[in-house]
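# Commentary on secondary and tertiary structure
Read off the chains here:
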Amino acid sequence: MSKKAALLLNLGSPDSPSVADVRKYLAEFLYDERVLDSPTPIRWTVLNLFILPFRPKKSAHAYEKVWTPEGAPLVVTSKKQQALTQQKTTVPVALAMRYGQPKVRDVLAKLIADGVDDLFIMPLYPHYAMSSYETVLVQVQEEIARQKPGMKYTILQPFYNDPEYITAMVENARPYLEKPFDKLLFSFHGLPERHLRKADSSKGHCTIVPNCCDVCHPAHATCYKHQCMTTARLFVEKAGLKPEQWTHAFQSRLVGEPWLTPFTDKVIAEFADQGMKRLLVICPAFVTDCLETLEEIAMGNAEIFVEHGGETLTLIPCLNEHPLWIEWLARRINQWAQA
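Let me begin by describing the structure that accompanies this report. (Residues numbered from 1 in each chain as written. Predicted model: local features only at pLDDT ≥ 70, side-chain atom pairs only at ≥ 80, totals over all residues. Heavy atoms only, no water.)

It is worth spelling out the overall build of the chain at this point. What the chain contains, in helices and strands, is 12 helices and eight strands. Rg of the C-alpha trace for the chain: 20 Å, near the compact-globule value of 20 Å for 339 residues, within the 12% margin. Across its three principal axes, the chain shows a C-alpha extent of roughly 65 × 50 × 50 Å. Contacts in the chain between residues far apart in sequence, at least 24 positions, make up 77% of those at least 6 positions apart. Counting only carbon and sulfur atoms, one obtains 55% of the accessible surface of the chain, whose full area is about 15,500 Å². (Helix = DSSP H or I, 4+ residues; strand = E, 2+ residues; numbered from the N terminus. Rg over C-alpha atoms; globule rule 2.2 N^0.38 Å. Contact = heavy atoms within 4.5 Å. Areas by Shrake-Rupley, 256 points an atom, 1.4 Å probe, with all protein chains shown as cover.)

A few words now on the pattern of salt bridges. Applying the stated criterion across every chain, the model contains 20 salt bridges. Between Lys103 and Glu28 there is a salt bridge, with its nearest N and O atoms 3.7 Å apart. Note that Lys103 is positioned in the loop between strand 2 (93-97) and helix 5 (104-113) and Glu28 in helix 1 (residues 19-30), a separation of 75 residues in sequence. Owing to a relative accessible area of 30%, Glu28 belongs among the partly exposed residues under this scheme. We note a salt bridge from Asp162 to Arg332, for which the minimum N-O separation is 3.0 Å. (Salt bridge = Lys/Arg side-chain N within 4 Å of Asp/Glu carboxyl O. Buried < 20%, exposed > 50% of the residue type's maximum accessible area, 1.4 Å probe, protein only.)

What follows concerns the sheet that holds strand 7 (residues 278-282). Read across the sheet, four strands follow the order 6-5-7-8 without closing on themselves; strand pairing throughout is parallel. Strands with a single pairing partner mark the edges of an open sheet, and in this sheet they are strand 6 (246-251) and strand 8 (312-315). The average angle at which neighbouring strand axes cross in this sheet is 25 degrees, direction not considered. Along the sheet face, helix 7 (residues 163-177) touches strand 5 (183-189), strand 7 and strand 8 and points at about 170 degrees away from the line of strand 7. In the packing of helix 11 (residues 291-307) onto the sheet, contacts are made with strand 5, strand 6, strand 7 and strand 8, and the angle to strand 8 comes to roughly 170 degrees. (Pairing = 2+ DSSP bridges. Axes fitted to C-alpha atoms, helices over the stretch in contact; angles between N-to-C directions.)

Moving on, we get to the pairing of strand 7. Of all five residues in strand 7, four are buried, a share of seventy percent or more. Inspection of the sheet shows strand 5 paired to strand 7 by four bridges, in the parallel sense. By the bridge assignment, Leu184 is partnered in strand 7 with Leu280. When strand 7 meets strand 8, the two strands line up parallel, connected through four bridges. Note on strand 8: the bridge partner recorded for Leu280 is Thr314.

As a further point, take helix 2 (residues 40-51). Every buried residue belonging to helix 2 is among Arg43, Leu47 and Ile51, and all of these are buried. Projected down its long axis, helix 2 carries its buried residues within an arc of 45 degrees, all on one side. Facing away from the buried surface of helix 2 by more than 90 degrees, the exposed residues are Pro41 and Phe50. Summarising the contacts, the buried residues of helix 2 are in contact with helix 1 and helix 3 (55-66). (Arc of directions from axis to C-beta.)

Two elements in contact, helix 3 and helix 11, have axes separated by 9 Å at closest approach and are oriented at 90 degrees. The orientation of helix 3 relative to helix 11 falls into the category roughly perpendicular. For the pair formed by helix 3 and helix 11, the contact residues are Ala62, Tyr63, Lys65 and Val66 on the first element and Leu291, Leu294, Glu295 and Met299 on the second. Of the residues contributing to the contact of helix 3 with helix 11, the split by class is six nonpolar, no polar and two charged. (Parallel < 35°, antiparallel > 145°, perpendicular 65-115°, else oblique. Nonpolar A, V, L, I, M, F, W, Y, C, P; charged D, E, K, R; others polar.)

Spatially, the four strands line up as an open sheet ordered 2-1-3-4, and their pairing is parallel. The sheet terminates laterally at strand 2 and strand 4 (152-155), the two strands that pair on one side only. Within this sheet the neighbouring strands show an average axis-to-axis angle of 25 degrees, counted without direction. Against the sheet, helix 4 (residues 73-86) contacts strand 1 (4-10) and strand 2, and its axis sits at roughly 165 degrees relative to strand 2. Sitting on the sheet, helix 6 (residues 130-147) is in contact with strand 1, strand 2, strand 3 (118-123) and strand 4, with an inclination near 160 degrees to strand 3.

Its location among the elements puts Thr89 in the loop between helix 4 and strand 2. With a relative accessible area of 8%, Thr89 lands in the buried category. Side-chain polar atoms of Thr89 contact the backbone nitrogen of Val91, separated by 3.1 Å. Of the polar contacts made by the side chain of Thr89, one reaches the side chain of Asn334; its length is 2.7 Å. (Polar contact = N/O pair within 3.5 Å; in protein donor to acceptor, adjacent residues only side chain to side chain.)

Have a look at this one:
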């Protein structure tokens, strides 16, 4: 009889907010060919000459702002998600990070040592992108091939349009939506436009066809932008919001090539310039609050909003430990185990 286990997967964080640990983390993260997908010599040059000599100090300062006594918020909350989910299923639930600790290699080795031969791989990314969902999935598959070839596994598909996931997000946001606000901004993590085209197997739809996200096409199965827009649309419908109450943008861009627009920081400044005073921001690309939500949005972008005349920018927390989210995770595991 097979022994089953579920493996929750997220991005990861540095071991500490020190410059040395942040540099180590950024090197692992940015050397991933699915994050910086330039040829290896170019990637090495960009990293070692233009990013790693300068970026770690700035990023370390940002991590210091959100670091908790228990550690990095993303890792701390992910461990709580793991523990709460374990309470609702008899299937062992493990946790690993694509970068940093706990490593996929080590967690998988322990599962195999414990006799697990049937694995539910659960990337905690609602939307498909090669720099998030795909890279962690490929890493697990490569480790399985190295450590236990032939091991049976099932993959959790992107859940951007799952009705229960949408319901969990709406219920998590409801206390904020019930108070007066001028606009709700969906801020998704940014991507280079080139990544959309690269993920389009037809090579003729994404960013090429007018209104490509709205025109039904097989490319949507791996189109990050289409999936983000679908999540926003379903959320708005479920929450009963009017068209003028919300919009979307993309955060965390890098310079050097076209990225998805509009940009979150620019949109936030424009809202304040237009006289808006109370702005809500939700970040559905993340299921766990992290540097990009707690520091970039709740601190940095909040400052931009106030500097331009706004009064309050409120970050709606990620799903984190919300009961409906934990129930969603456990239900998916139980359904898989009983299939």
